[in-house]
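Observations on the three-dimensional arrangement
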Amino acid sequence: MQKTFVIAEAGISHDGDLIGAMRLVDVAKKAGADAVKFQYFDPERLAKRRGKPELAAKLAPYRMRHASMEVLKDRADKAGIEFMCSTFDIEGLSEIAPLVSRFKIPSPEALDREFVDAHYGYGKPVIISCGENPKRFREPVTSWLWCVSRYPCPLADARLDQIRIGGYNGYSDHTGDTMMGALAVASGAGIVEAHLKGSWTRRENPDYETSLDDVAFKQYVELIREAEKAVYGQASEGSSGR
């Protein structure tokens, strides 16, 4: 019986603080998520890639060095939750690849086929968000997530019907609403990703409005598990991560 693979997108909600990031690993595990995901980037390179010079200064406070990612990987392993991390360029990919068992490619980077193809050289599963409507292709180790690139995304714009209509494997949620994961499961999602923040995350954090706090995220996961019972007829076993 299928179990939805739930990714707690911790992203940059750590505010650039390693202790805060480690706490997010624990929060994700306690909430019942299957994986906790962070972001690894060089602010200058990412700003140049996106063609937005102002991003460099905006993102600089949230940068995590490679050594910190190794610490978070160790923390996740000890907590019994999968460590994931998105990267944004070839350099970052090569540094993070040894730490993860699967990749997650953000929507804007999904438009760069050369960058996407570089992931397949590591022989690991790849999850791709489709918020920028990239051209999808047939690749057996790829899971495609329906996504609306608005932060936060209004409920009326979420269009969860596209999961089934478009043949997506899952949903990357930017609504900040606790019921959306369960609705995504009812719409056919086998993977659900939602943003997680700590009670200590600063309000000026770019991900603050899109993210669920520890209490809300736990409820989010619990509702997903209840939806699985309603959709599949009994309590499910094992994470598909398909």
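Please refer to the structure placed before this passage.
Each value, and the rule that gives it
Residues numbered from 1 in each chain as written. Predicted model: local features only at pLDDT ≥ 70, side-chain atom pairs only at ≥ 80, totals over all residues. Heavy atoms only, no water. Pairing = 2+ DSSP bridges. Helix = DSSP H or I, 4+ residues; strand = E, 2+ residues; numbered from the N terminus. Axes fitted to C-alpha atoms, helices over the stretch in contact; angles between N-to-C directions. Contact = heavy atoms within 4.5 Å. Buried < 20%, exposed > 50% of the residue type's maximum accessible area, 1.4 Å probe, protein only. Expected span 1.5 Å × (residues − 1). Polar contact = N/O pair within 3.5 Å; in protein donor to acceptor, adjacent residues only side chain to side chain. Patch = residues over 30% accessible without salt bridge, like charges linked within 9 Å, V, L, I, M, F, W, Y side chains within 5 Å. Areas by Shrake-Rupley, 256 points an atom, 1.4 Å probe, with all protein chains shown as cover. Salt bridge = Lys/Arg side-chain N within 4 Å of Asp/Glu carboxyl O. Disulfide = S-S within 2.5 Å. Core = buried A, V, L, I, M, F, W, Y, C linked by side-chain atoms within 4.5 Å. Phe/Tyr/Trp six-rings, centres within 6.5 Å; stacked < 30°, edge-to-face > 60°. Lys NZ or Arg CZ within 6 Å of the ring centre and 35° of its normal.

1. Observations concerning the sheet that holds strand β7 (residues 170-173)
- Spatially, β3-β2-β1-β8-β7-β6-β5-β4 is the arrangement adopted by the eight strands of the open sheet, whose pairing is parallel. Whereas interior strands pair on both sides, the edge strands pair on one side only; in this sheet they are β3 (82-87) and β4 (103-105). Strand after strand, the sheet turns through a mean of 25° between neighbouring axes, direction not considered.
- When β4 meets strand β5 (residues 126-129), the two strands line up parallel, connected through three bridges. Bridge pairing in β5 links Lys104 to Ile127.
- Set on the sheet, helix α1 (residues 18-31) makes contact with β1 (5-11) and β2 (35-40); between it and β2 the angle comes to about 155°.

2. Some points on unusual backbone geometry
- For the peptide bond that leads from Tyr151 to Pro152, omega is -5°, which places it in the cis range.
- Its location among the elements puts Pro152 in the loop between β6 (142-147) and α7 (161-165).
- Here Asp15, not a glycine, exhibits a phi torsion of approximately 60°, which is positive.

3. Remarks on the environment of Ala76
- Its location among the elements puts Ala76 in helix α4 (residues 66-79).
- With a relative accessible area of 0%, Ala76 lands in the buried category.
- Contact partners of Ala76, with chain neighbours within four places excluded, come to Val25, Val36, Ile81 and Phe83.

4. Thoughts on helix α9 (residues 214-232)
- Over its 19 residues, α9 extends 27 Å from the first C-alpha to the last, a length consistent with the 27 Å expected when each residue adds 1.5 Å.
- Three or more residues of α9 are buried, namely Ala216, Phe217, Tyr220, Val221, Ile224, Arg225, Ala227 and Glu228.
- In this fold, the buried residues of α9 make contact with β1, α1, β7, α8 (180-186) and β8 (191-195).
- Its side-chain oxygen placed 3.2 Å from the backbone nitrogen of Val215, Asp213 serves as the N-cap of α9.

5. As for a nonpolar patch on the surface
- On the surface, Leu155, Met179, Leu183 and Leu223 cluster together into a nonpolar patch covering about 300 Å² of accessible area.
- Along the chain, the position of Met179 falls in the loop between β7 and α8.
- With a relative accessible area of 37%, Met179 lands in the partly exposed category.

6. What about the state of the cysteines?
- One pass over the full model with this rule turns up zero disulfides.
- Free cysteine Cys85: the closest other cysteine sulfur is in Cys147, separated by 18 Å.
- Of the cysteine sulfurs around Cys153, a residue in no disulfide, the closest is that of Cys147, at 8.3 Å.
- With relative accessibility at 4%, the residue Cys153 sits in the buried group.

7. A short note on the nonpolar core
- Ranked by size, the top nonpolar core spans 60 residues in total, and within it Phe38, Met69, Phe83, Ile128, Tyr171 and Phe217 carry the most contacts.
- Of all the elements, α1 adds the most residues to this core, at seven residues.

8. Regarding the packing of aromatic side chains
- In the structure shown here, the tally under the stated rule is seven aromatic pairs.
- Here the aromatic residues Tyr120, Phe137 and Trp144 are joined through ring pairs into a cluster of three or more.
- Stacked on the ring of Phe137, the Lys or Arg Arg113 has its end atom at 3.8 Å from the ring centre.
- Here the guanidinium or amino end of Arg136 rests over the ring plane of Tyr168, the centre of that ring lying 4.0 Å away.

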